[in-house]
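Below are the chains, spelled out letter by letter.
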Amino acid sequence: MAKQEQPGLLIHEIGGVDGVLEGHVELLKKHFHLITMKEFLENKKRLNEKIKSVFIHECKPVIDRELLQSLPHLKVIANSGVGVDHLDLKLIASFGIKVTNTPHAVSDSTADIGMALMLASARRLVEGCQISVSPQTEHFAADWLGDEVTGATLGIIGMGSIGYKVAKRAKAFEMKILYHNRNQRKEEEEKAVGACYCEKMEDLLQQSDFVMLVVNLTPQTFRFIGKRELELMKPSATLINISRGAVVDQDALVEALQNGTIKAAALDVTYPEPLPRDHSLLKLKNIIITPHIGTATVQATRKMTEEAVANILAVLNGLTIPSEVIPIRCFREHTYALAYLL
């Protein structure tokens, strides 16, 4: 009996800066016939009939109308990662194509980076390392002090799966936990981590020693934190962003850090990425910036690929989709937003 042909899966490339990790290729090949963008562009007529799914890694390949029109049998676009702000959900939905993401695979690693940034900023870890290795250092100053997170108040904006995992970790540090979310968590979930709901984000901003952003980037959350919000925070507070760079008005953040409106910031995300080398944020001493490494672990990247595979197979086989991104029309704003919160 002839072996059944595997469904075609379009990928950007293998290896390189934006390509599928070479260690994950065999996992994908177990279920799909891999077709790179280069191969597809060189032989569209032969390959466009075979491609039924697209695997998005590091926002590549780019999905636009021209590509969608050239793939008549495309059923699903599987994003590796949670955020899908690089995808035009309305356009894709108009072609009857499903979109999936991988929220379950990334929650632990992203929550870890949020805690790491908070601890590193509070205890001035990066600055301390620089002092320790500097050839000019002759002694350690006794008055060089950081802050403790134990007993401090953490305000989490966005209490989805990642935000809730942050709360679990913060509870172990005996922190007071406030959160703001579109919907309040169940009472038992709040009690499990000792979290208090703030219906108004302003209340959270005014009370928190650390404010952590864990929201999706949508038209509603673009520059969600600006001059007004920063001025509501304590002068001793730290802003931590593990969501998307454009959630924060970076010009307002520069001003707030320079003027002492807030004490510090710790960012795993910026807009753009990387920042221009002469950007004002890079010149400040009261900031930590990491290169969007929230999911950059061996374990998380493997889980992301596995979850993406499960999503694709579910769509192709007509099964319940584990992690579908459903565009919900917001009639007031006339925009599309994610149904799934971080």
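Residues numbered from 1 in each chain as written. Predicted model: local features only at pLDDT ≥ 70, side-chain atom pairs only at ≥ 80, totals over all residues. Heavy atoms only, no water.

Q: Summarise the overall build of the protein; cite the residues concerned and give the values.
A: The number of helices and strands found in the protein is 13 helices and 14 strands. Since a compact globule built from 342 residues should have a radius of gyration of about 20 Å, the 22 Å found for the protein is in line with a globular shape. Counting all 342 residues of the protein, 48% fall into the buried class. Relative to all contacts within the protein whose residues are 6 or more apart in sequence, the contacts with residues 24 or more apart total 64%. Counting every atom, the protein has about 17800 Å² of accessible surface; 52% of that belongs to carbon and sulfur. (Helix = DSSP H or I, 4+ residues; strand = E, 2+ residues; numbered from the N terminus. Rg over C-alpha atoms; globule rule 2.2 N^0.38 Å. Buried < 20%, exposed > 50% of the residue type's maximum accessible area, 1.4 Å probe, protein only. Contact = heavy atoms within 4.5 Å. Areas by Shrake-Rupley, 256 points an atom, 1.4 Å probe, with all protein chains shown as cover.)

Q: An account of the nonpolar core is requested, with residue identities and associated values reported.
A: Judged by nonpolar contacts, the single largest core of 33 residues is most densely connected at Leu-154, Ile-156, Phe-210 and Ile-242. Of all the elements in the fold, those that place two or more residues in this core are α6 (103-122), β6 (153-157), α8 (161-172), β7 (176-180) and β9 (210-213). The element that contributes the greatest number of residues to this core is α6, accounting for nine residues. Residues in contact with Leu-154, not counting those within four places in the same chain, are Met-118, Val-166, Ala-170, Met-175, Lys-176, Ile-177, Leu-178, Ser-208, Phe-210 and Met-212. One finds Ile-157, Leu-178, Val-211 and Leu-257 within the second-largest nonpolar core, a separate group that totals 28 residues. (Core = buried A, V, L, I, M, F, W, Y, C linked by side-chain atoms within 4.5 Å.)

Q: Mind laying out unusual backbone geometry, listing which residues take part and the relevant values?
A: The step from Lys-60 to Pro-61 runs through a cis peptide bond, and the omega angle for that step is 0°. Secondary-structure assignment places Pro-61 in the loop between β3 (51-56) and α4 (65-69). For the bond from Tyr-271 to Pro-272, the omega torsion is 0°, close enough to zero to count as cis. Here Pro-272 shows up in the loop between β11 (264-267) and β12 (287-289). At Arg-124, a position not held by glycine, the phi torsion is positive, near 55°. Within the secondary structure, Arg-124 sits in the loop between α6 and α7 (125-133). Unusually for a residue other than glycine, His-292 sits at a positive phi of about 50°. The topology assignment puts His-292 in the loop between β12 and α13 (298-316). On the basis of relative accessible area, His-292 is assigned to the partly exposed category, the value being 32%.

Q: Tell me about the sheet that holds strand β10 (residues 238-241), and please be specific about residues and values.
A: An order of β8-β7-β6-β9-β10-β11-β12 is seen for the seven strands of this open sheet, with the pairing classed as parallel. The open sheet has two edge strands with one neighbour each: β8 (195-197) and β12. Neighbour to neighbour, the strand axes of the sheet diverge by 20° on average, direction disregarded. Pairing analysis gives four bridges linking β6 to β9, with the strands arranged parallel. Opposite Leu-154, over in β9, you have Phe-210 as the bridge partner. Packed onto the sheet, helix α12 (residues 250-259) meets β10, β11 and β12 and runs at close to 140° relative to β11. (Pairing = 2+ DSSP bridges. Axes fitted to C-alpha atoms, helices over the stretch in contact; angles between N-to-C directions.)

Q: Describe the packing of α6 against α8, naming the residues involved and giving the relevant values.
A: Orientation of α6 relative to α8, taken along the N-to-C sense of each, is 45°, at an axis distance of 8 Å. Taken together, the axis directions place α6 and α8 in an arrangement best described as oblique. The way α6 lies across α8 gives a crossing that is right-handed. Taken together, the residues of α8 that come into contact with α6 (itself represented by Pro-103, Val-106, Ser-107, Asp-108, Thr-110, Ala-111, Asp-112 and Met-115) are Ser-161, Ile-162, Lys-165, Val-166, Arg-169 and Ala-170. Residue composition of the contact of α6 with α8, by class: seven nonpolar, three polar and four charged. (Parallel < 35°, antiparallel > 145°, perpendicular 65-115°, else oblique. Left-handed = near helix turned anticlockwise from the far one by under 90°. Nonpolar A, V, L, I, M, F, W, Y, C, P; charged D, E, K, R; others polar.)

Q: Break down the sheet that holds β3 for me, with residues and values.
A: One open sheet holds the five strands; their spatial order is β2-β1-β3-β4-β5, and the pairing between them is parallel. In this open sheet, the two strands that pair with only one neighbour each are β2 (33-36) and β5 (98-100). Strand-to-strand, the axes of this sheet are offset by a mean angle of 25°, without reference to chain direction. In this structure, β3 lies alongside strand β4 (residues 76-79), joined through four bridges in parallel fashion. Looking across to β4, one finds that Ile-56 is bridged to Asn-79.

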